[in-house]
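Structural features, examined
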Amino acid sequence: MSAEPTVRSDAFTFYALATLSFVESSVPEFVSTLNVMYADDPEMRDWLRETWLREEIEHGRLARTYIAKTWPEFDWQPAYDAFLVRYKPLCDVEYMRPSLALEALSRCVIETETAMIYRCLEAEMSDPELKAMMRKLSSEEVGHYRYFRKTFDRYNAAERHGVIRRLHTIVKRSEMVRDEDIAIAFEPLSDAAFWRGPKPFEEMTWQEFLEVSGDMMKRRLPVEAATRMMFKPLETGVWWRDKPTRALLSFMVKRQYPQLAGGEA
């Protein structure tokens, strides 16, 4: 069955799916690096290979399949190859966090933000097929988050990073999702070299894509779920249960997600 014309002519849906398909499909590069970092942790390496890698590759495949059906004139593979040339060096071990606990924490940030982006897209999209896909992907990202969080807790019991160090890691990795992951994935999407014929929608600039994404997140973000996931690794001591502290963290999330997408708070 062919896609609805309204989907085919929707530039934002194309750019959102394509950027996510690139980032999800690049997970094998991170698995190779994390296998080196966690070389002495066979349980972690088994999970990375048997669960995380398989599910993330499937996420990329599902998005790519939908793109091929809806926008067949887009040459996904050469565009992805162009993305990977720039992105693969950032997957090297030198760009990972300086400890096993903090690297697991940074993965918690990525899985949280990806899950919330999928939740927002599910709420925003009208195509039932896309809504079901986003729901599945979001649920599996939450499962990945839980494993990485347990891994953080396990390693941090020995490394004992304080709240400030943890918070700094969370904020810095969140900024990188927008400024590196999504930005690099966006670059090839409008290049005429990767299109066989004219685009069936009005092209979006990077800034326009960020603005639309930010507006969507402000309207659709499940703030309580995002706050709970993002800052769960900060839980320590009685301060965490303090209402003003919880309110402050919720406020940070409300600001962070539109900023992640380039929108205004």
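Conventions and cut-offs
- Residues numbered from 1 in each chain as written.
- Predicted model: local features only at pLDDT ≥ 70, side-chain atom pairs only at ≥ 80, totals over all residues.
- Heavy atoms only, no water.
- Helix = DSSP H or I, 4+ residues; strand = E, 2+ residues; numbered from the N terminus.
- Buried < 20%, exposed > 50% of the residue type's maximum accessible area, 1.4 Å probe, protein only.
- Contact = heavy atoms within 4.5 Å.
- Areas by Shrake-Rupley, 256 points an atom, 1.4 Å probe, with all protein chains shown as cover.
- Expected span 1.5 Å × (residues − 1).
- pLDDT = per-residue confidence, 0-100.
- Salt bridge = Lys/Arg side-chain N within 4 Å of Asp/Glu carboxyl O.
- 1 Å grid on protein atoms, 1.4 Å probe; cavity = no way out; pocket = protein on both sides within 12 Å on 5 of 7 lines; lining within 4 Å.
- Points joined across faces, edges and corners; volume = space filled by probe spheres on them.
- Nonpolar A, V, L, I, M, F, W, Y, C, P; charged D, E, K, R; others polar.
- Axes fitted to C-alpha atoms, helices over the stretch in contact; angles between N-to-C directions.
- Parallel < 35°, antiparallel > 145°, perpendicular 65-115°, else oblique.
- Left-handed = near helix turned anticlockwise from the far one by under 90°.
- Core = buried A, V, L, I, M, F, W, Y, C linked by side-chain atoms within 4.5 Å.

1. Observations concerning the overall build of the protein
The helix and strand tally for the protein stands at 11 helices and 0 strands. Each helix and strand of the protein, ordered N terminal to C terminal, gives the series α-α-α-α-α-α-α-α-α-α-α. By the burial criterion, 52% of the 265 residues in the protein qualify as buried. Pairs at least 24 residues apart make up 83% of the contacts formed inside the protein by residues separated by at least 6 positions. Accessible area of the protein: about 12,500 Å², with a carbon and sulfur share of 54%.

2. Description of helix H6 (residues 100-124)
Between its terminal C-alpha atoms H6 stretches 36 Å, which fits the 36 Å expected from 25 residues at 1.5 Å a residue. Of all 25 residues making up H6, 21 are buried, and the element is well covered by its neighbours.

3. Overview of the confidence of the model for the protein
Here the protein shows a mean pLDDT of 86. Residues at 70 or above account for 86%. Counted against residues more than four places away or in other chains, residues 261-265, with its pLDDT under 50, gives 15 contacts.

4. Section: the pattern of salt bridges
Summed over all chains, the structure comprises 19 salt bridges. Measuring nitrogen to oxygen at the nearest pair gives 3.0 Å for the salt bridge that ties Arg107 to Glu103. Residue Arg107 and its partner Glu103 are located together in helix H6, separated by 4 residues, close to a single helical turn. Owing to a relative accessible area of 0%, Glu103 belongs among the buried residues under this scheme.

5. Some details on empty space enclosed by the protein
Take a probe with the size of a water molecule and roll it over the atoms, and the empty space left behind shows itself. In this structure the tally under the stated criterion is 3 cavities of 30 Å³ or more. The volume enclosed by the largest cavity comes to roughly 220 Å³. Together, 19 residues line the largest cavity, and Val23, Glu24, Ile110, Thr114 and Asp181 are the ones closest to its centre. Looking at the lining of the largest cavity, the element that brings in the most residues is H6, giving 5 residues. The residue makeup of the lining of the largest cavity, split by class, is 10 nonpolar, 2 polar and 7 charged.

6. Quick word on the packing of H6 against helix H10 (residues 223-231)
Remark: H6 packs on H10, axes separated minimally by 9 Å, with the N-to-C direction vectors making an angle of 170 degrees. One element, H6, and the other, H10, form an angle in the roughly antiparallel class. Helix-helix and strand crossings are classified by hand; for H6 and H10 the assignment is right-handed. Residues Val109, Thr112, Glu113, Ala115, Met116 and Arg119 of H6 touch H10, and the partners they reach there are Ala225, Ala226, Met229 and Met230. Looking at the contact of H6 with H10 residue by residue, the classes come out as 7 nonpolar, 1 polar and 2 charged.

7. Considering the nonpolar core
Phe14, Tyr15, Phe22, Trp52, Phe74 and Leu121 are the most contacted members of the largest nonpolar core, which has 79 residues in total. Of the residues forming this core, the biggest block, 13 residues, is contributed by H6. Setting aside its immediate chain neighbours within four residues, Trp52 contacts Val27, Phe30, Val31, Leu34, Trp47, Arg107, Glu111, His144 and Phe148.

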